[in-house]
Amino acid sequence: MAALETSDVATAPSEVEGGVLSRPYRALSIGIVSVVLVIAFEATAVGTAMPVAARELDGVSLYAFAFSGYFTTSLFGMVLAGQWSDRGGPLASLTAGIGAFAAGLLLSGSAASMWVFILGRAVQGLGGGLVIVALYVVVGRAYPERLRPSIMAAFAAGWVVPSVVGPLAAGAVTEHLCWRWVFVGIPVLVVFPLALALPQIRRRTSGGTGEAVPAPLDRRRIRLALGISLGAGLLQYAAQDLEWLSLVPAAAGAALLVPAVLGLLPRGTYRAARGLPAVVLLRGVAAGSFIAAESFVPLMLVTQRGLSPTLAGFSLAAGGGTWALGSYVQARPRVEPYRDRLMFLGMVLVAAAIAAAPSVLIHAVPVWIVAVAWGLGCFGMGLVIASTSVLLLHLSAPEEAGANSAALQISDGLSNVLLLAVGGAAFAALGGGTVTDAAASTSGSHPAAFAAVFLPMAGVALVGAWVTTRLRVRRP
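Just so we're clear, the structure is a prediction, and the values are computed from it rather than from any experiment.

### Comments concerning the overall build of the protein chain
Each helix and strand counted, the protein chain has 19 helices and zero strands in total. For the protein chain, buried positions account for 57% of its 476 residues. Put simply, 84% of the contacts in the protein chain that link residues at least 6 apart link residues at least 24 apart. Roughly 18200 Å² of accessible area belongs to the protein chain as shown, and the carbon and sulfur atoms make up 69% of that amount.

Structure, rendered in structure tokens:
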């Protein structure tokens, strides 16, 4: 498969000089990094407010749905964005995605029941799927190959401030006002990124891949995208219900999901075939194991150790900085020959962090252990996630950048859904859904419910360490 570096030939010499903040790229870089910053602020703020929202809406037993509902609909958004961007450029996908993202936040913030709250998260997920793939296509079209590791590192750096400010702000708003304001206040933040980024995206990335007549939307891929979203949703519902009748939606979900996955991901993905398939698989294994575990960290600290929502969310704050540091390290030119080794190290750190987190279920263990462990795990994720993005763009021809970016994000989102379903089912089966406050820690089943989420995810992360040996990174 041709490398994406062929797109650099058309880049004017004046635009090849300098970095991502040089004059030709400054407005575009600030604009798209600002979009990432808003997404990051939402993720850290919502994660802090989620335990309180679930408790007030009497929906702790549906806690995993609030996360997986987002990822389920984002799968369809990712495929649609890949088709949309390859056909006519990423601008329309990005604009529509930000609109849906904001609408979903407003719906969740005004919800009177947990299911309406989950519906809002689903609308938000559709928007998130449209946005993230469009951003990858922007990077592939607007930046020469030598600058792509740097802009990916800038994306990671966009998480630093939200990781610190987000939990503090969301915790203060949740405790002193209401958790609803965390959701309804974030849409205001999308105005600046739109105003700055959209004109530059229109100028640099409009149009298709240079064909006289753009190819029509691939209806088969759209149908497969619907199948993968519906199948993932049915499996999630069956995992949460834990009744014999749940085997019916589980079977239906699998029947929809399996052929859709095989049709949308590169051939050989699930056997870790060398090259692009292994890159796509690694992205799913890394993101799924880490996000499934991270989703339960604030709930564990609030219900088992009695922390306030602010402190529980702030325990993850250092992760934004270490994630950005890991992404910065992978962007250094001198480490390029060792990218595969860095990714192996990253997955080992992720596995160790996930395994260490439930140690705080033992009350003699100080809660700051979670902050330290998660900082190391996020450093590992910074090494891995940015590197998978760089490798994918390197292995993709210009006309395939949208579809392959969608495949990468599908692997990410689908793994999140499936592993959250597994973790949520184990959590509910061991009595986790009955947790209401710190006093619940007197029940022996509740700590076991959390351990049943974290320890298997650590094992999945170790599988990711093996997948890094299948990347076959080309050495100079």
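Now that the structure has been shown, we can carry on.
### What to know about a nonpolar patch on the surface
A contiguous nonpolar surface patch, about 290 Å² in accessible area, is contributed by Leu21, Ile30 and Phe192. Of note, Ile30 is situated in helix 2 (residues 26–56).

### A short note on the packing of aromatic side chains
As enumerated under the stated definition, the model contains five aromatic pairs in all. Consider the rings of Phe117 and Phe183, whose centres lie 5.3 Å apart with planes at 80°: the pair is edge-to-face. A residue pair is termed long-range when its members are at least 10 positions apart, and Phe117 in helix 5 (residues 114–142) and Phe183 in helix 8 (residues 180–185) qualify at 66 residues. Given the relative accessible area of 0%, Phe117 is considered buried. Given a relative accessible area of 0%, Phe183 falls into the buried group. Ring geometry for Phe290 and Trp374: centres 5.0 Å apart, planes at 25°, overall stacked. Linking Phe290 in helix 12 (residues 276–294) with Trp374 in helix 17 (residues 368–394), this pair joins segments that are 84 residues apart in sequence.

### Some thoughts on helix 12
With 19 residues, helix 12 should cover 27 Å at 1.5 Å per step; its first-to-last C-alpha distance of 27 Å lies within 8% of that length. When you tally the buried positions in helix 12, you get 17 out of 19 residues, the bulk of the element.

### Focus: the nonpolar core
The biggest cluster of nonpolar side chains holds 135 residues, and the ones touching the most others in it are Phe117 and Trp374. With 14 residues, helix 2 is the single largest residue contributor to this core.

### Looking at the pattern of salt bridges
Counting across every chain of the model gives one salt bridge. A salt bridge links Arg283 to Asp412; the nearest nitrogen and oxygen atoms lie 3.1 Å apart. With a gap of 129 residues between them, Arg283 in helix 12 and Asp412 in helix 18 (residues 401–429) connect regions that are remote in the sequence. Judged on exposure class, the residue Arg283 and its partner Asp412 are both buried.

### Some thoughts on the environment of Thr468
By secondary structure assignment, the location of Thr468 is in the segment after helix 19 (445–467). Among the residues examined, Thr468 registers a relative accessible area of 4% and is labelled buried. Along the sequence, Thr468 and Arg339 sit 129 residues apart, while their C-alpha atoms lie 9.7 Å from each other. Excluding residues within four positions of it along the chain, Thr468 makes contact with Leu282, Asp340, Met343, Phe344 and Met347.

### Observations concerning the packing of helix 2 against helix 5
Look at helix 2 against helix 5: their axes get within 12 Å of each other, and the N-to-C directions meet at 160°. Taken together, helix 2 and helix 5 sit at an angle that is classed as roughly antiparallel. For the pair helix 2 and helix 5, the sense of crossing is left-handed. In contact with Leu28, Ile32, Val35, Val36, Ile39, Glu42, Val46, Met50, Ala53 and Ala54 of helix 2, helix 5 contributes Met114, Phe117, Arg121, Gln124, Val131, Leu135, Val138 and Ala142. For the contact of helix 2 with helix 5, a count of residues per class yields 15 nonpolar, one polar and two charged.

### Considerations on helix 16 (residues 339–356)
With 18 residues, helix 16 should reach 26 Å at 1.5 Å per residue; the first-to-last C-alpha distance of 26 Å fits that figure. Among the residues making up helix 16, those that are buried are Arg339, Asp340, Leu342, Met343, Gly346, Met347, Val350, Ala351, Ala353 and Ile354.

### Points about the confidence of the model for the protein chain
Per-residue confidence for the protein chain gives a mean pLDDT of 76; residues scoring 70 or more make up 82%. Ranking the elements of the protein chain by mean pLDDT puts helix 1 (residues 13–16) last, at 42, and helix 16 first, at 92. Low confidence marks residues 1–16, where pLDDT is under 50. Its contacts with residues over four positions away, or in another chain, come to 37 contacts. Throughout residues 208–213 the model reports pLDDT below 50, and contacts reaching past four residues in sequence, or to other chains, amount to eight contacts.

### Section: the side chain of Ser93
Tracing the backbone shows Ser93 in helix 4 (residues 91–109). Within the local environment of Ser93, its side chain forms a polar contact with the backbone oxygen of Leu130, the two atoms lying 3.0 Å apart. Those residues in contact with Ser93 that lie beyond four places of it in its chain are Ala81, Trp84, Ser85, Leu130 and Ala134.

What counts as what
- The numbering scheme is per chain: residues are counted from 1 as the chain's sequence reads.
- Given that this is a predicted model, residues contribute local features only at a pLDDT of at least 70 and side-chain atom pairs are listed and counted only at 80 or more, while totals for whole chains, interfaces and linings are drawn from all residues.
- Side-chain numbers here rest on the full set of heavy atoms in the structure, without hydrogens or water.
- Secondary structure elements are defined from DSSP: runs of H or I of at least 4 residues count as helices, runs of E of at least 2 residues count as strands, and each element is numbered from the N terminus.
- To sort residues, take the accessible area from a 1.4 Å probe on protein chains only and compare it with the maximum for the residue type: under 20% means buried, over 50% means exposed, and anything in between is partly exposed.
- Between two residues, a contact is recorded if the distance between any of their heavy atoms is within 4.5 Å.
- Residue-level accessible areas treat just the shown protein chains as cover; the underlying method is Shrake-Rupley with a 1.4 Å probe.
- Within this analysis, patches are made of residues with over 30% relative accessible area and no salt bridge. Like charges are joined at 9 Å or less; nonpolar side chains (Val, Leu, Ile, Met, Phe, Trp, Tyr) at 5 Å or less.
- Salt bridges are defined by distance alone: a side-chain nitrogen of Lys or Arg within 4 Å of a carboxyl oxygen of Asp or Glu.
- Aromatic pairing here means that ring centres of Phe, Tyr or Trp (its six-membered ring) are within 6.5 Å. Orientation follows from the plane angle: under 30 degrees is stacked, over 60 is edge-to-face, and everything else is tilted.
- Multiplying one less than the number of residues by 1.5 Å gives the expected span of a helix.
- By convention a nonpolar core is built from buried Ala, Val, Leu, Ile, Met, Phe, Trp, Tyr and Cys residues, the set being connected through side-chain atoms within 4.5 Å.
- Orientation is described by lines fitted to C-alpha atoms, with helices fitted over the stretch in contact, and by angles between N-to-C directions that extend from 0 to 180 degrees.
- Orientation is classified from the angle alone, with under 35 degrees giving roughly parallel, over 145 giving roughly antiparallel, 65 to 115 giving roughly perpendicular, and any other angle giving oblique.
- By convention the crossing between two helices is left-handed if the near helix lies anticlockwise of the far one by an angle smaller than a right angle, and right-handed if it lies clockwise.
- Note on residue classes: Ala, Val, Leu, Ile, Met, Phe, Trp, Tyr, Cys and Pro are nonpolar, Asp, Glu, Lys and Arg are charged, and everything else, Gly too, is polar.
- The predictor's confidence in any single residue is recorded as pLDDT, a number from 0 to 100.
- Here a polar contact is recorded for every N or O atom pair within 3.5 Å, except that within protein the pair must consist of a potential hydrogen donor and a potential acceptor, and residues adjacent in sequence are included only if both atoms are side-chain atoms.

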